[in-house]
Amino acid sequence: MKLMIASDLHGSIACVEQLMKRMDEEQPEKLLLLGDLLYHGPRNALPMQYDTAGVAQLLNERRESLLCVRGNCDTEVDQMVLTFPILSDTCLLHVDGLTVFATHGHRFHRNAMPPLSPGEILLHGHTHIPENSVCGENRILNPGSVSIPKGGSKNSYMVYEDGAFLWKTLDGSVFDTLSL
């Protein structure tokens, strides 16, 4: 199975267009969105080419290919314009023998781990900083942010395929890998 994983789009039409181009080139079975799709929230600067209606349209056109969890900036109003489910706080994936607990990251994170079994993965966004780390007997992964990268990182997403996670910039360049 091949998955693309992205987080923190925050309504940037320019960045989401780039992500959709990467999706066309990557050809994943699904794109897992880790929340904060349309709005930028009070803690973030206005993203490049802020166009929430345009982002909603681009995402709705790909609804059959999307999985999504709710971010702290996502609301019931957003669900009214998006034609795929966005309001679940978590998603549990079983992929190639791996168990992945996907969430946005504002509730579950390094300092508030979900109830995972040893060897399971916590996958989240929210910080806008890519992460590939170990916490106890679990791994924590974060794709970074599609539109508002922080901590010196670049606009990014992840790909999972054949037991490996790859962190990529929006131009498709790999900057980190993890093989399990």
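Before reading on, note that the structure itself is shown above.
So, here is what we can say about the structure in this document. What you see is a predicted model, and the numbers here were worked out from it, not measured in a lab.

## A word on the nonpolar core
It is characteristic of soluble globular proteins that their nonpolar side chains tend to be buried jointly.
Thought 1: Counting 26 residues, the largest nonpolar core has Leu19, Leu31, Leu33, Leu37, Leu59, Leu82 and Phe84 as the members making the most contacts within it.
Thought 2: If you list the elements that add at least two residues to this core, you get strand E1 (2-6), helix H1 (13-26), strand E2 (30-33), helix H2 (52-60), strand E3 (66-68) and strand E9 (156-161).
Thought 3: Ranked by residues supplied to this core, first place goes to H1 with six residues.
Thought 4: Setting aside residues up to four positions removed in sequence, Leu37 forms contacts with Leu9, His10, Gly11, Val55, Leu59, Cys68, Asp74, Leu82, Phe84 and Ile86.
Thought 5: In terms of nonpolar packing, the next biggest core, distinct from the first, is built from 19 residues, Leu3, Leu123, Met158 and Tyr160 among them.

## Considerations on the sheet that holds strand E8 (residues 138-142)
By definition, the strands of a sheet pair up through backbone hydrogen bonds, in either a parallel or an antiparallel sense.
Thought 1: With mixed pairing, five strands are arranged side by side in an open sheet as E4-E5-E6-E8-E7. This sheet does not close on itself; its edge strands, each paired only once, are strand E4 (90-95) and strand E7 (131-135). When strand polarity is set aside, the average angle formed by the axes of neighbouring strands in this sheet is 20°.
Thought 2: Note that E4 and strand E5 (residues 98-103) share six bridges and pair antiparallel. Its bridge partner lying in E5, Leu93 is registered against Val100.

## Remarks on the sheet that holds strand E11 (residues 174-179)
Thought 1: Strand order in the open sheet formed by six strands is E3-E2-E1-E9-E10-E11, with mixed pairing between adjacent strands. If you trace the sheet from one side to the other, it starts and ends with E3 and E11, each paired once. Direction aside, the axes of adjacent strands within the sheet are offset by 20° on average.
Thought 2: Of the strand pairs in this sheet, E1 and E9 are connected by four bridges, and their pairing is antiparallel. Residue pairing across strands places Ile5 opposite Met158, the latter belonging to E9.
Thought 3: On top of the sheet, H1 reaches E1, E2, E9 and strand E10 (164-169); it is set at about 170° to E1, its chief contact.

## Regarding the pattern of salt bridges
Thought 1: Applying the stated criterion across every chain yields a total of eight salt bridges.
Thought 2: Between Glu26 and Lys2 there is a salt bridge whose closest N-O contact spans 3.2 Å. With a gap of 24 residues between them, Glu26 in helix H1 and Lys2 in strand E1 connect regions that are remote in the sequence. No difference in accessibility class separates Glu26 from Lys2, as the two residues are buried.

## Some points on the packing of H1 against H2
Thought 1: Viewed as axis vectors pointing N to C, H1 and H2 meet at an angle of 15°, and their least axial separation amounts to 9 Å. Put simply, H1 runs roughly parallel to H2. In terms of crossing hand, the pair formed by H1 and H2 is left-handed. Listed contacts from H2 to Ile13, Val16, Glu17 and Met20 of H1 are Gly54, Val55, Leu58 and Leu59.

Calculation criteria
- Residues numbered from 1 in each chain as written.
- Predicted model: local features only at pLDDT ≥ 70, side-chain atom pairs only at ≥ 80, totals over all residues.
- Heavy atoms only, no water.
- Core = buried A, V, L, I, M, F, W, Y, C linked by side-chain atoms within 4.5 Å.
- Buried < 20%, exposed > 50% of the residue type's maximum accessible area, 1.4 Å probe, protein only.
- Helix = DSSP H or I, 4+ residues; strand = E, 2+ residues; numbered from the N terminus.
- Contact = heavy atoms within 4.5 Å.
- Pairing = 2+ DSSP bridges.
- Axes fitted to C-alpha atoms, helices over the stretch in contact; angles between N-to-C directions.
- Salt bridge = Lys/Arg side-chain N within 4 Å of Asp/Glu carboxyl O.
- Parallel < 35°, antiparallel > 145°, perpendicular 65-115°, else oblique.
- Left-handed = near helix turned anticlockwise from the far one by under 90°.

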